[in-house]
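Residues per chain, in single letters:
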Amino acid sequence: MNNNELEHIEINLLLEGIYQTYGFDFRNYLQSSLRRRINNRMQIEQLPNVITLLEKVLYEPGFIKTIVNDLSIRVTEMYRDPAFFLAFRQKIVPIIRDYSEIRIWHAGCSTGEEVYSMAILLQEEDLLHKAKIYATDMNEQVLDHAKVGKFSLKRMQTFTKNYMLAGGMKEFSTYYNTNDEYAIFRPEIMNKVSFAQHNLATDSTFNEFHIILCRNVMIYFDATLQHRVHNLFYESLAENGVLVLGNMESIIAANKAQYEEIVPCERIFRKVTS
């Protein structure tokens, strides 16, 4: 048995140990995306192999927060992929404008930048007052960060540029207050968002939604987990509900019949009711 095969077995044992002990399920994540994070944590902790990392996970209860933080996907920014938000404003807002209420689920919301981006977009389209945005992630630490609505001022130049490219209608600074280090979004934006822990790998649906956004999350899942999540989203969407994926994602073959692509260049789909 070569080293790569041995490491594969050890990683499987680590992921199984995490799931059996704490309920966090990374077993159907692509190992190629996990291996680098696992090896980085081993170097930080000065551990010789994955099995010693597993021992640390099993016998040091507080350490699980560190591992979950390592393995979670946290790449995000406000108005990430501005062309998507512009397309949403132009193509989807007219569809939902006459709804009496609008329920939106951001699945895998990370630290909340894209959630607040959507809230601002809806505010500018005079829809936020009848919208309810649910934002979920499996990682409690990133949710705690997201709930505060506070971001480094160093990032605001990029965020502002994205906002303008996404069709922003005002000075972006009107939506937040600042101190010496941070921009803090105003209560009228934050109050329309409910953050909660939810694991796409294990948890079930919790409401019926008109729009579900899960952007650049499923690229880290294998086909089995992608199929599960697509079924979860299909079950969670209202009739003619809209599903939004990331620009490197699409509906897998096993689920293609459940959706029609309505904005192909931005991976926006509509639920097809059988």
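Since we're looking at a predicted model, the values are computed, not measured.

The next subject is the overall build of the protein. The number of helices and strands found in the protein is ten helices and ten strands. Here the C-alpha atoms of the protein give a radius of gyration of 20 Å, agreeing with the 19 Å that 2.2 N^0.38 yields for 274 residues. Once the C-alpha set of the protein is aligned to its principal axes, its extents read approximately 60 × 55 × 30 Å. Taking all 274 residues of the protein together, 52% fall into the buried category. Of the contacts made within the protein by residues no fewer than 6 positions apart, 76% connect residues no fewer than 24 positions apart. Just so you have it, the protein exposes about 13,000 Å², and 48% of that area is on carbon and sulfur atoms. Counting 29 positive and 34 negative side-chain charges, the protein places the centres of these two groups 4 Å from one another.

All right, on to the nonpolar core then. Within the largest apolar cluster, 46 residues are counted, with the highest numbers of intra-cluster contacts made by I120, L122, F172, F185 and F195. For F185, the residues in contact, after removing those within four places along its chain, are M78, I120, G149, F151, M156, F172, Y175, Y176 and M190. F24, L232, L237 and L245 belong to the second-largest nonpolar core, a separate cluster that totals 44 residues.

Spatially, β6-β2-β1-β7-β8-β10-β9 is the arrangement adopted by the seven strands of the open sheet, whose pairing is mixed. Edge strands, defined here as strands with exactly one partner in the open sheet, are β6 (193-197) and β9 (259-263). Between one strand and the next, the sheet's axes are offset by a mean angle of 25°, whatever the strand orientation. Bridging between strand β2 (residues 131-137) and β6 involves five bridges; their strand directions are parallel. Paired with A135 across the two strands is F195, which belongs to β6.

With that settled, consider unusual backbone geometry. Unlike most non-glycine residues, D81 shows phi in positive territory, near 60°. Mapped onto the secondary structure, D81 falls in the loop between α4 (63-71) and α5 (82-96). Residues other than glycine seldom take positive phi values, yet N240 does so here, at roughly 65°. Mapped onto the fold, N240 is located in strand β8 (residues 237-245). On the basis of relative accessible area, N240 is assigned to the partly exposed category, the value being 39%.

Between side chains of opposite charge, a pair can form as their charged atoms come close. In this structure the tally under the stated criterion is 16 salt bridges. Between R41 and E45 there is a salt bridge; the shortest N-O distance is 2.9 Å. Taken together, the positions of R41 and E45, both in helix α2 (residues 31-45) and four residues apart, correspond to about one turn of that helix. Taking relative accessible area as the criterion, R41 reaches 12% and is therefore assigned buried. Exposure remark for E45: the relative accessible area of 25% places this residue in the partly exposed category. The salt bridge partner of D81 is R215, with a shortest N-O separation of 2.9 Å. Residue D81 is found in the loop between α4 and α5, and its partner R215 is found in the loop between β7 (209-214) and α10 (223-236); the two are separated by 134 residues along the sequence. For D81, a relative accessible area of 23% puts it in the partly exposed group.

Given 3.6 residues to a turn, an α-helix orients residues that are three or four positions apart in the same direction. Along its twelve residues, helix α6 (residues 113-124) runs 17 Å from first to last C-alpha, staying within 8% of the 16 Å computed at 1.5 Å per residue. Along α6, eleven of the twelve residues are buried, which leaves the element largely enclosed by surrounding structure. Residues of α6 that are buried include every one of E113, E114, V115, Y116, S117, M118, A119, I120, L121, L122 and E124, and no others. Note on α6: the residue one or two positions beyond its end, D126, has a positive phi of about 60°.

Here is what the cut-offs are and how they apply
Residues numbered from 1 in each chain as written. Predicted model: local features only at pLDDT ≥ 70, side-chain atom pairs only at ≥ 80, totals over all residues. Heavy atoms only, no water. Helix = DSSP H or I, 4+ residues; strand = E, 2+ residues; numbered from the N terminus. Rg over C-alpha atoms; globule rule 2.2 N^0.38 Å. Buried < 20%, exposed > 50% of the residue type's maximum accessible area, 1.4 Å probe, protein only. Contact = heavy atoms within 4.5 Å. Areas by Shrake-Rupley, 256 points an atom, 1.4 Å probe, with all protein chains shown as cover. Lys, Arg positive; Asp, Glu negative; His and termini not counted. Charge placed at Lys NZ, Arg CZ, Asp CG, Glu CD. Core = buried A, V, L, I, M, F, W, Y, C linked by side-chain atoms within 4.5 Å. Pairing = 2+ DSSP bridges. Axes fitted to C-alpha atoms, helices over the stretch in contact; angles between N-to-C directions. Salt bridge = Lys/Arg side-chain N within 4 Å of Asp/Glu carboxyl O. Expected span 1.5 Å × (residues − 1).

Any functional reading would require information beyond the geometric quantities listed.
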